[in-house]
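# Close look at the chain arrangement
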Amino acid sequence: MTWVLKAENLSKDFRLHLQGGVRIPVLDDVSLTVMPGECVALAGPSGAGKSTLMRCLYGNYGAGAGRILIRHGGEVVDLATADPRLVRAIRRDTLGYVSQFLRVIPRIGALDIVAEPLTARGVTPDAARARARDLLLRLNLPERLHGLPPATFSGGEQQRINLARGFAADYPVLLLDEPTASLDAANRQVVIGVIEEAKARGAALIGIFHDTEVRDRIADRIFDVAPIQDAA
Ligand SMILES: Nc1ncnc2c1ncn2[C@@H]1O[C@H](COP(=O)(O)OP(=O)(O)OP(=O)(O)O)[C@@H](O)[C@H]1O
């Protein structure tokens, strides 16, 4: 079997222009290879750079050095240097990201927010909504909420909509940022089940899981993100 995502010698600094250009080194020579069907948990103390690494892997932050290779449509692409149109195509077809907080779109109902990654790929609206409905119900989001814009939903409801959106489209690679942070025990179990199914179909998952019970259940290995002063 061959890898689906490979970060090679990744480095990332932040430069604080409002503070006289102070440089904050966060990632230094990080290399990580992820296989299909594998779940890698990013670990390390607060401030070590886990979220920064995730954002680099999604192409949100440019890397100061290194490559982020991803298999996309039979080709290997370097996300760190890909042009924005290709990055959009990768995010549509190959690389999903479940962030901690839902980005609410005014006036769009929960069902359509979840169905959108599928319709973006050309799935018919009816089929996309049917899949979205199934996932929302499985995540205990009652039907009466499906048509409503989620701006006023609780934190846990919004997180479940985000999860349904992330898992609707069967991405080959999925990034998960604390996917169970706002959930009760019953919903955590549902999410563990959804994640296990994604792994079984061959999805590669990279996540930050502060919830150790969830991490122990689903992670195949831990990848330590070392604070830079310790790594030196
Ligand atoms: N946009 C930014 N500009 C400047 N510094 C940043 C930025 N984002 C993160 N940092 C700094 O980078 C370091 C790593 O932050 P990051 O959020 O990646 O850590 P983390 O390991 O995810 O922490 P936590 O577990 O607390 O969420 C921190 O020192 C943080 O202050």
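As shown above, the structure is provided for reference.
Keep in mind the model is a prediction, meaning the values are calculated, not measured. (Residues numbered from 1 in each chain as written. Predicted model: local features only at pLDDT ≥ 70, side-chain atom pairs only at ≥ 80, totals over all residues. Heavy atoms only, no water.)

Here we come to the overall build of the chain. Each helix and strand in the chain was counted, giving 8 helices and 9 strands. Over its C-alpha atoms the chain spans a radius of gyration of 18 Å, differing by no more than 12% from the 17 Å that the globule rule assigns to 232 residues. A principal-axis box enclosing the C-alpha atoms of the chain has dimensions of 55 × 40 × 35 Å. Split into buried and exposed, the 232 residues of the chain put 47% on the buried side. If you take every contact in the chain between residues at least 6 apart in sequence, the share linking residues at least 24 apart comes to 69%. For the chain, the distance from the average position of its 28 positive side-chain charges to the average position of its 27 negative side-chain charges is 4 Å. (Helix = DSSP H or I, 4+ residues; strand = E, 2+ residues; numbered from the N terminus. Rg over C-alpha atoms; globule rule 2.2 N^0.38 Å. Buried < 20%, exposed > 50% of the residue type's maximum accessible area, 1.4 Å probe, protein only. Contact = heavy atoms within 4.5 Å. Lys, Arg positive; Asp, Glu negative; His and termini not counted. Charge placed at Lys NZ, Arg CZ, Asp CG, Glu CD.)

This next bit is on unusual backbone geometry. Leaving glycine aside, a negative phi is the common case for residues, and trans is the common case for peptide bonds. We note that R107 has phi near 70°; this positive angle belongs to a residue other than glycine. Note on R107: relative accessible area 76%, which makes it exposed. Phi angles above zero are rare outside glycine, and N140 is one such case at about 60°. Within the secondary structure, N140 sits in the loop between helix 4 (125-138) and helix 5 (155-168).

Our next topic: helix 3 (residues 110-119). Of all 10 residues in helix 3, 7 are buried, a share of seventy percent or more. Within helix 3, the full set of buried residues consists of A110, L111, I113, V114, A115, P117 and L118. Those residues of helix 3 hidden inside the fold are in contact with helix 4 and helix 5.

Okay, the packing of helix 3 against helix 5 next. At their nearest, the axes of helix 3 and helix 5 sit 7 Å apart, and the two run at 25° to each other. In terms of orientation, helix 3 lies roughly parallel with respect to helix 5. The interaxial crossing formed by helix 3 with helix 5 has right-handed handedness. Judged by residue contacts, A110, I113, V114, E116, P117 and L118 of helix 3 engage I161, A164, R165 and A168 from helix 5. Class assignment for the residues of the contact of helix 3 with helix 5 results in 8 nonpolar, no polar and 2 charged. (Axes fitted to C-alpha atoms, helices over the stretch in contact; angles between N-to-C directions. Parallel < 35°, antiparallel > 145°, perpendicular 65-115°, else oblique. Left-handed = near helix turned anticlockwise from the far one by under 90°. Nonpolar A, V, L, I, M, F, W, Y, C, P; charged D, E, K, R; others polar.)

Judged by side-chain polarity, L16, V22 and I24 come together as a nonpolar surface patch covering roughly 200 Å² of accessible area. Turning to its location among the elements, I24 is positioned in strand 2 (residues 22-34). By relative accessible area, which is 35% here, I24 ends up partly exposed. (Patch = residues over 30% accessible without salt bridge, like charges linked within 9 Å, V, L, I, M, F, W, Y side chains within 5 Å. Areas by Shrake-Rupley, 256 points an atom, 1.4 Å probe, with all protein chains shown as cover. Salt bridge = Lys/Arg side-chain N within 4 Å of Asp/Glu carboxyl O.)

In this fold, E38 is placed in the loop between strand 2 and strand 3 (39-43). Side chain to side chain, E38 and R221 meet in a polar contact 2.7 Å long. Not counting chain neighbours up to four residues away, the residues in contact with E38 comprise T33, A203, A204, L205, D220 and R221. (Polar contact = N/O pair within 3.5 Å; in protein donor to acceptor, adjacent residues only side chain to side chain.)

To continue, consider the site of the ligand. Around the ligand, 13 residues are found, and the nearest of them are S46, G47, K50, S51 and T52. In this structure, G47 approaches the ligand through a main-chain N or O atom, which is 2.8 Å from an oxygen atom. A48 places a polar main-chain atom, nitrogen or oxygen, 3.2 Å from an oxygen atom of the ligand. In the complex, the protein chains occlude 63% of the 640 Å² of accessible area that the ligand would expose alone. (Near = heavy atom within 4 Å.)

For the rest of this paragraph, the subject is the packing of aromatic side chains. The relative placement of two aromatic rings is captured by the distance of their centres and the angle of their planes. Summed over all chains, the structure comprises 2 aromatic pairs. Judged by centre distance (5.2 Å) and plane angle (85°), the ring pair of F14 and Y61 falls under edge-to-face. With F14 in strand 1 (residues 5-16) and Y61 in the loop between helix 1 (50-57) and strand 4 (65-72), the pair connects residues that are 47 residues apart, well separated along the chain. A residue is classified by how much of its surface remains accessible, and Y61, at 25% relative accessible area, is partly exposed. Ring centres of Y58 and Y97 lie 4.8 Å apart, and the angle between their planes is 45°; this geometry places the pair in the tilted category. (Phe/Tyr/Trp six-rings, centres within 6.5 Å; stacked < 30°, edge-to-face > 60°.)

Our next topic: the state of the cysteines. In the structure shown here, the tally under the stated rule is 0 disulfides. Unpaired in this structure, C39 has its nearest cysteine sulfur neighbour in C56, at a distance of 19 Å. With a relative accessible area of 1%, C56 lands in the buried category. (Disulfide = S-S within 2.5 Å.)

The values are spatial; any link to function lies outside them.
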